Amino acid sequence: MSDGVEQKNTKLVYKLVFIVLAMFGFGYALVPLYDVFCDITGLNGKTASEATVDEVYEVDLNREITIEFITSLPKSTPTMEFRAEKNKIKVHPGQYYTVNFYAKNKTDKIMVSRAVPSVTPGLAAEYLKKTECFCFTEQTFEPNEVKLMPVRFVIDPELPKKYKTVTLAYTFFDNTEKSVKK
Amino acid sequence: MSAATAEHDDHHDHGPEKGLLRWIVTTNHKDIGTLYLIFALAMFFVGGTMALIIRTELFEPGMQFVDPQFFNSMTTMHALVMVFGAVMPAFVGLANWMIPMMIGAPDMALPRMNNMSFWMLVAGVLLLASTLFMEGGAPASGWTLYPPLVLQTGSALPFAIFSVHLLGISSIMGAINIIATIFNMRAPAMTLMKMPLFVWTWLITAFLLIAIMPVFAGAVTMLLTDRFFDTSFFDAAGGGDPVLYQHIFWFFGHPEVYVMILPTFGVASTIIPVFARKPLFGYSSMVYATAAIAFLSFIVWAHHMFTVGMPMAGELYFMYATMLIAIPTGVKIFNWTATMWKGSMTFEAPMLFSIAFVVLFTLGGFTGLMMALAPVDFQYHDTYFIVAHFHYTLVPASVFILMAAGYFWLPKWTGNMYDEKLAKLHFWLSAVSVNILFFPQHFLGLAGMPRRIPDYAVQFADWNMISSIGAFIYGPSQLIFVYIVYKTIKGGTGEKVTDEVWEGAKEQSLEWTLPSPAPYHTFSTPPKEVPTMSTGR
């Protein structure tokens, strides 16, 4: 093989290896990109992870929306009890409501748990605004502690007319191991 | 250059090293091609045995032979072995053997890396196979390795992930080698638009591979760190999202299925003109269609996830983008049919397999279109319908074409003719049984039988039994192929084959201008002229 070809090969291999490394990076870049994309479009029903500012809306008494609450525990967290005070309530857009959630640590050890919220339909998530929620931080439970945790929220009157029912679901994950390690 | 040529003539016929070491240290593209092909054939039977275990369990409703965990391991390992151990290496083997001979090059551009990528493949597959004997069993989450399920795998998880890394590095090195060979090693007369389609499809496939394998490596690395290093890429408890994995996986996964089908198209486009004794119809449209399919494969991934709860706009976009793929694919089907139109066709085994490919792949393509329709996909999703669909595009397509390629080039590789009678028996047994095996799975899927289940409702019993009977015929009849290959290597029918082997093949493509069997070193000096019939001229 002549030297010319060998040089060309080396150059090309460098370029191709660069593409490979760039694509490996791209795979990782997809993680923040996915979050940004979901944030902008509101596609996957994630609610804001921080409390929203207490804003005063004009209450629309002519409109009634059903808010359903779902609570679930993954198989890995059988050591808790977790439920909402009510299964569903009817609300007027613009008015603030408080719903209590009840959780109990059934073990005699300290437990650190995190609730992850999800809203269905996903595109309604940005109109459900929470000024107070136990899901904003990890919750520490003393042995056998029972907690009554309020969620204060408002439905933005801008919520498109087609949505008549909005479901707010919480899953309580046991994060004790990970948090203790830290 | 002239000095180099003169020097080369002095030791023109130095052959391979003697003994077993030849196969371990070889850097010869023909040796490595042979290694890849034999390894792929062996893995085809390993993966096939797993499939037979699956079909045996599904022969009747109820649990008979294996426990559910092992059954799920079998579906997972069957897929991983067939995709990464059989079909992909088989095409890399063909690429190694044929690309240098088709473009008039003396060898692959990077022979040492070539050797390394083969042995890394062997290491990767052995590592994967070793998980079968580990505590907690082999991965049982399906070949897509979705979290959170896959994170429940026992001790096998890190081994499976490292094996995916090895297989990925091996494919990437193979792909880089193929691109470098095609770009830098062509005979001066072999311009890009004179390259046989097999070379073209592999060039495009190689680019797909270097774009997607690193993404997959990244995804499985995230699984690894989620499990062992407390990251939360896909763990909702830590703010991650399991659906994200599906997006990353299918960003890799959809082009990946085209990695297995594009070289298939290339071989079909090589074989059909030879036996129709006509130039390939629509050569340049074939090249552009291949490139179009490759491009589209990157922007349709979420059609694998219509049921995750995407909003309407997303469903519509992925639905229409997916249906767009039918256009370049349709161009190809049309071109193959038009190549056969009014040709002086003969029906030797390679042609029979190729014709069956055109018909049955089209059928698999149509069921793909059905599932591209987002509203109806909700019914088909994760049922036996999708199993039937992708097996139609893989078994009577990729695997049939690999068999066709075997029969087509065996005389060139060995210098002996294979047994045509046995090959035809192999073809008819395969073609009939593959339909008995997979066609009833359409019905099962439409009736609602989920995939990846070891037991099922009695209403599915009849078609499952028929499907299993098909599998029991299809599997063993592939042993005929092994016997034919063995017999051909040992001397075949005794009939002396000519250089061009198939009538008029010399006009089609360069490899047929070489002696049969092809000498250990070929095209040490590049050919002056190249045949162009395979390019439609």
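Please refer to the structure placed before this passage.
Residues numbered from 1 in each chain as written. Chains lettered and ligands numbered in written order. Predicted model: local features only at pLDDT ≥ 70, side-chain atom pairs only at ≥ 80, totals over all residues. Heavy atoms only, no water.

Section: the overall build of chain B
In step 1: From N to C terminus, chain B includes 17 helices and 0 strands.
In step 2: Taken over the C-alpha trace, chain B has a radius of gyration of 23 Å; the compact-globule value for 537 residues is 24 Å, and the two agree within 12%.
In step 3: Projected onto the principal axes, the alpha-carbon positions of chain B cover approximately 70 × 50 × 45 Å.
In step 4: Scored against the burial criterion, the 537 residues of chain B give a buried share of 59%.
In step 5: For chain B, contacts bridging at least 24 residues in sequence account for 82% of all contacts bridging at least 6.
In step 6: Averaging the coordinates of the 23 positive side-chain charges in chain B and doing the same for the 31 negative ones gives two points 11 Å apart. (Helix = DSSP H or I, 4+ residues; strand = E, 2+ residues; numbered from the N terminus. Rg over C-alpha atoms; globule rule 2.2 N^0.38 Å. Buried < 20%, exposed > 50% of the residue type's maximum accessible area, 1.4 Å probe, protein only. Contact = heavy atoms within 4.5 Å. Lys, Arg positive; Asp, Glu negative; His and termini not counted. Charge placed at Lys NZ, Arg CZ, Asp CG, Glu CD.)

A word on the pairing of strand 2 (residues 80-84) of chain A
In summary, the side chains of a regular strand alternate between the two faces of the sheet.
Residues and elements named next belong to chain A.
In step 1: Taking every second residue as pointing to the same face, the buried face of strand 2 carries M80, F82 and A84, while none of E81 and R83 on the other face is buried.
In step 2: By the bridge criterion, 5 bridges tie strand 2 to strand 4 (residues 96-105) in an arrangement that is antiparallel. Counted as the bridge partner of R83 is Y102 from strand 4. (Pairing = 2+ DSSP bridges.)

Examining helix 11 (residues 326-340) of chain B
Residues and elements named next belong to chain B.
In step 1: Compared with the 21 Å implied by 1.5 Å per residue over 15 residues, the 21 Å span of helix 11 between its first and last C-alpha is a close match.
In step 2: Within the sequence span of helix 11, burial applies to P328, T329, K332, I333, N335, W336, A338, T339 and M340.
In step 3: On the buried face of helix 11, the contacting elements are helix 8 (242-276), helix 9 (283-297), helix 10 (312-324) and helix 12 (349-372).
In step 4: K342 sits one or two positions beyond helix 11 and adopts a positive phi of about 60°. (Expected span 1.5 Å × (residues − 1).)

Side note on the state of the cysteines
All names here are of chain A.
In step 1: For the coordinates displayed, the defined rule picks out 1 disulfide over all chains.
In step 2: Shown here is the disulfide that connects C133 with C135, its sulfur atoms set 2.3 Å apart. Given an S-S torsion of about 130°, the disulfide between C133 and C135 has right-handed geometry. You'll find C133 and C135 in the same group, each marked buried. (Disulfide = S-S within 2.5 Å.)

Comments concerning the nonpolar core
In step 1: Membership of the largest hydrophobic core comes to 197 residues, with the highest contact counts inside it found for B:L94, B:W202, B:W409 and B:W502.
In step 2: Here this core gets 23 residues from one element, more than from any other, and that element is helix 4 (residues 68-103) of chain B.
In step 3: For B:W409, the residues in contact, after removing those within four places along its chain, are B:L94, B:M98, B:M102, B:V267, B:T270, B:E511 and B:W512.
In step 4: Within the second largest apolar cluster, 34 residues are counted, among which are A:I67, A:A103, A:M149 and A:L159. (Core = buried A, V, L, I, M, F, W, Y, C linked by side-chain atoms within 4.5 Å.)

Re the packing of aromatic side chains
In step 1: Applying the stated criterion to the full structure yields 61 aromatic pairs over all chains.
In step 2: With a centroid separation of 4.7 Å and 80° between ring planes, the pair formed by A:F82 and A:F172 is classed as edge-to-face. Remark: A:F172 occurs in strand 9 (residues 165-174) and A:F82 occurs in strand 2; sequence separation between them is 90 residues. A single burial state applies to A:F82 and to A:F172, both of which are buried.
In step 3: With a centroid separation of 4.7 Å and an interplanar angle of 70°, the aromatic rings of B:Y317 and B:F318 are classed as edge-to-face.
In step 4: For B:Y317, a relative accessible area of 38% translates into the label partly exposed.
In step 5: What makes B:F318 buried here is its relative accessible area of 8%.
In step 6: When the ring centre of A:F141 is taken as origin, the NZ or CZ atom of A:K147, which lies over that ring, is 5.0 Å away. (Phe/Tyr/Trp six-rings, centres within 6.5 Å; stacked < 30°, edge-to-face > 60°. Lys NZ or Arg CZ within 6 Å of the ring centre and 35° of its normal.)

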